[in-house]
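As a plain string of letters, each chain reads:
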Amino acid sequence: MRGAPPAFAPVEDRSVAFRWDLDKTYLRTEFESLRKMVRIPFEGGADKVHLPGVPQLIRALRRRAEAQDNRPYVFFLSASPRQIGSAVRDKLALDEIEYDGITFKDQLGHLVRGRWSSLREQVGYKLDELLSARLGGPAASCEYLFGDDWESDPLIYSLYADVLSGGIDLETLKRILVAVDVRKASVLRILDRAEVLFGTAPDAVEQIYINLERRTPPSRFRAYGPRVVPTFNTLQAAASLYQSRRLELDDVIDVARAQLGVEGQGGHRLRNSIDDLTRRGHLRLEIRDRVVRRFAREELAPLAKGEAALRTRLRAALATFRRRKQKAPLGRADYETLLAQWENH
Amino acid sequence: MPRVVVDAMGGDFAPEEMVRAVSQVSLESDIQMVLVGHAEQIQALLDAGEYNPELISVRHCGSVIGMSEDPREAIRAKKDASISVAARMVALGEADAMVSAGNTGACVLAAAKHWKLLAGIRKAALASVFPRQTEYEGQDQLGLLLDVGATIRCEAVELAQFGVMGSAYARCISKVASPRVGLLNMGAEANKGGDVLVEANRLLAGLPAIGFIGNVEGHDVATGHADVVVAEGLLGNVVLKLLEGVAEVASSLANNAAHESWRWRFGMAMLSPGIERMRTLADFQTYGGAPILGFEHVCIKAHGRSRSGAIGNAIKVSAKAVRDGIIPDIAQKIAELR
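Predicted, not measured: the structure shown is a model, and the values here were computed from it.

Caption draft 1: Expanded view of the overall build of chain B. Summing up its helical and strand segments, chain B has 13 helices and 11 strands in all. Taking 338 residues into account, the globule formula puts the C-alpha radius of gyration at 20 Å, and chain B, at 20 Å, falls close to it. Taking the principal axes of the C-alpha coordinates as reference, chain B spans close to 65 × 55 × 35 Å. Burial statistics for chain B: of 338 residues in total, 51% are counted as buried. In chain B, once contacts between residues fewer than 6 apart in sequence are set aside, the share between residues at least 24 apart is 70%. Of the roughly 14,600 Å² that chain B leaves accessible, carbon and sulfur atoms contribute 56%. Taken as two groups, the 32 positive and 38 negative side-chain charges of chain B have centres that lie 2 Å from each other.

Below, the structure written as structure tokens:
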């Protein structure tokens, strides 16, 4: 039964929220095998490993937001059990990450109550938490969401963004939640919250970054629209955020250095990453040029021979991508296609 | 890390299979690759599969040389053809090796136009690998035959150089410590075959480092007597096509036999594991491609009908050749020959 509509926090002007998933987005958590999973509860903060460049990126996002006279918020939302919270908090402290909230899933509670399906269920849990967090405030005027391709982050984040923007009607939302096996009680709770938040912040979610940890083909995210940016590494996310003026070029270089340092990568990998993002139509050519030239100046990656000719060729190739992108629906995801994909799957 | 430039538009199944191969190699190695071809098509294909963008770059080019085009005319007219751009990139030091499954003539001519021959080398040779019997433990199941078409007629010293180059390549790629080099001739005796072959035999016999076993006859090609078979282009090409033709006829005869009577069909079914092994051995997909030897850079020419597996192997072979320093090795052996 649906109760009285909950109250909601007013939108806070000049504020920006960065919402992060933890495993596979911030932390290099390995739960591909039982052996690796068993180890996780026994890890301390110092044992946990972050993805290269992510701490640098979060610190820079907060710093730049403040410099731009915006109130920054950093939230973490994880489907990991609360019991690992202490180790994660230690890790965040070690990485000097200031954050405003961190949420874990009550896996033990589900276990005790015998709700086996809830242990693995992600969409209902995360969407409910996102909407609750927004209702309870702070409700930032602008949000950036960071997830990965392991679970359903692109879908969850897109639904959240479209509830805020009014880009999805509640009936479609219900159909999707039912199709992805969200528990009935969760569906009702989500619909309650969605009804209150529906269309309250049309442009709130600016970008959704999906870390392609599993190397999922980028074309599979096309139905989510241009708001979702699949990225192969933190540098790609940083370059895109530089384009959105959430970062300065210095910050992109910091992330690049972190990526080089941890992975022992060659400079060519940095340039290839930037070119890949450009070819996929997520980075404008002039931004690409600025980043690549700065790489050369910092001696991170030399300019390619015949850089001018290369630029002309890249421009020609990009023209087609831009035309294709213009045809895509702006903002909202194509849920009919996604539903069809889900049903076929 | 070796940098390999791949002609994305060359081959019967280009660009799909080329892009698929590069994507796959990017996930399982640290080889840097450049795909040369139509950037939009290439990116669309990359997007549809799994790949590691950090190891792949794309160089756009405007045209392609078709498999049936006249190579000389096409290389002259299409300055920005993918194979020419790829060869030019290697010449400029933007990559260390080139892989193509496109028009063979165009590939050889593009290399000849943009690359220098190694000091002392008079002619480049196109090699081909072929399945054969093995005679001793550790012998590679594939032999190397060169030249198969980069030249037509050769002088004795050029044949001796082919022997040196083939030996170096077989040592590097096949891991045969001392490959046996044979000179294809009409008889085993050193005085057979006319002035050129007699002189070539004498020159090769004077090079103890390359393991020359003397003249080999046609039947020795298939028996595995020699690991490297040296021939001038005209003869090598005839032998190669003959081997391919015999294999096709054998396969066709077996298929027909299976349709003739149930007893033959039963017999074929009994033999099928052995036939499958032979097919695997003869399958060019497993070895990827063969080198064009004699230039200052590595070039692996893959079969025109190559699928992604074969192209991937060709990329790995080219990277290995660079890593193992096959070009300096050949250069040193040629210098010793002089």
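Moving on from the model shown.
Caption draft 2: Local environment of the sheet that holds strand β1 (residues 3-7) of chain B. All names here are of chain B. Pairing within the open sheet is mixed, and its 11 strands lie in the order β3-β2-β1-β4-β11-β10-β5-β6-β9-β7-β8. Pairing within the sheet leaves two strands with one partner each, and these edge strands are β3 (56-60) and β8 (212-216). Averaged over all adjacent pairs, the angle separating strand axes in this sheet is 25°, with direction ignored. In terms of strand pairing, strand β4 (residues 97-100) meets strand β11 (residues 298-302) through four bridges, oriented parallel. Residue pairing in the sheet places serine 100 in a bridge with lysine 301 of β11.

Caption draft 3: Seen up close, the pairing of strand β1 (residues 11-21) of chain A. Residue and element names in this part refer to chain A. Both β1 and strand β4 (residues 139-148) contribute to a ladder of seven bridges, which runs parallel. Directly across from alanine 17, in β4, lies its bridge partner glutamate 143. As defined by bridge partners, β1 adjoins strand β2 (residues 71-81) across seven bridges and the pair is classed as parallel. When the bridges of β2 are listed, tryptophan 20 appears paired with phenylalanine 76.

Caption draft 4: Quick peek at the packing of helix α1 (residues 16-28) of chain B against helix α2 (residues 39-47) of chain B. Residue and element names in this part refer to chain B. At a minimum axis separation of 10 Å, α1 and α2 run at an interaxial angle of 55°. In terms of axis orientation, α1 runs oblique to α2. Regarding α1 and α2, the two cross each other, and that crossing is right-handed. For the pair formed by α1 and α2, the contact residues are Glu16, Val19 and Ser23 on the first element and Ile42, Leu45 and Leu46 on the second. Considering only residue class, the contact of α1 with α2 consists of four nonpolar, one polar and one charged.

Caption draft 5: Spotlight on the pairing of β4(A). All names here are of chain A. When you tally the buried positions in β4, you get nine out of 10 residues, the bulk of the element. By the bridge criterion, six bridges tie β4 to strand β5 (residues 205-211) in an arrangement that is parallel. Residue pairing across strands places aspartate 148 opposite asparagine 211, the latter belonging to β5.

Caption draft 6: Representation of the packing of aromatic side chains in the model. Residues and elements named next belong to chain A. Using the criterion set out here, one finds nine aromatic pairs over all chains in the structure. Both rings, one in phenylalanine 76 and one in tyrosine 99, keep their centres 5.9 Å apart while their planes meet at 80°; by these two values the pair is edge-to-face. On the criterion of sequence distance, the pair formed by phenylalanine 76 in strand β2 and tyrosine 99 in the loop between α3 (85-94) and β3 (101-105) is long-range, its members being 23 residues apart. Exposure remark for tyrosine 99: the relative accessible area of 28% places this residue in the partly exposed category. Each residue in the set Trp20, Phe146 and Tyr209 is aromatic and connected to the rest through ring pairs, giving one cluster. A cation over an aromatic ring shows up here: arginine 214 above the ring of tryptophan 150, its NZ or CZ 4.2 Å from the ring centre.

Calculation notes
- Residues numbered from 1 in each chain as written.
- Chains lettered and ligands numbered in written order.
- Predicted model: local features only at pLDDT ≥ 70, side-chain atom pairs only at ≥ 80, totals over all residues.
- Heavy atoms only, no water.
- Helix = DSSP H or I, 4+ residues; strand = E, 2+ residues; numbered from the N terminus.
- Rg over C-alpha atoms; globule rule 2.2 N^0.38 Å.
- Buried < 20%, exposed > 50% of the residue type's maximum accessible area, 1.4 Å probe, protein only.
- Contact = heavy atoms within 4.5 Å.
- Areas by Shrake-Rupley, 256 points an atom, 1.4 Å probe, with all protein chains shown as cover.
- Lys, Arg positive; Asp, Glu negative; His and termini not counted.
- Charge placed at Lys NZ, Arg CZ, Asp CG, Glu CD.
- Pairing = 2+ DSSP bridges.
- Axes fitted to C-alpha atoms, helices over the stretch in contact; angles between N-to-C directions.
- Parallel < 35°, antiparallel > 145°, perpendicular 65-115°, else oblique.
- Left-handed = near helix turned anticlockwise from the far one by under 90°.
- Nonpolar A, V, L, I, M, F, W, Y, C, P; charged D, E, K, R; others polar.
- Phe/Tyr/Trp six-rings, centres within 6.5 Å; stacked < 30°, edge-to-face > 60°.
- Lys NZ or Arg CZ within 6 Å of the ring centre and 35° of its normal.

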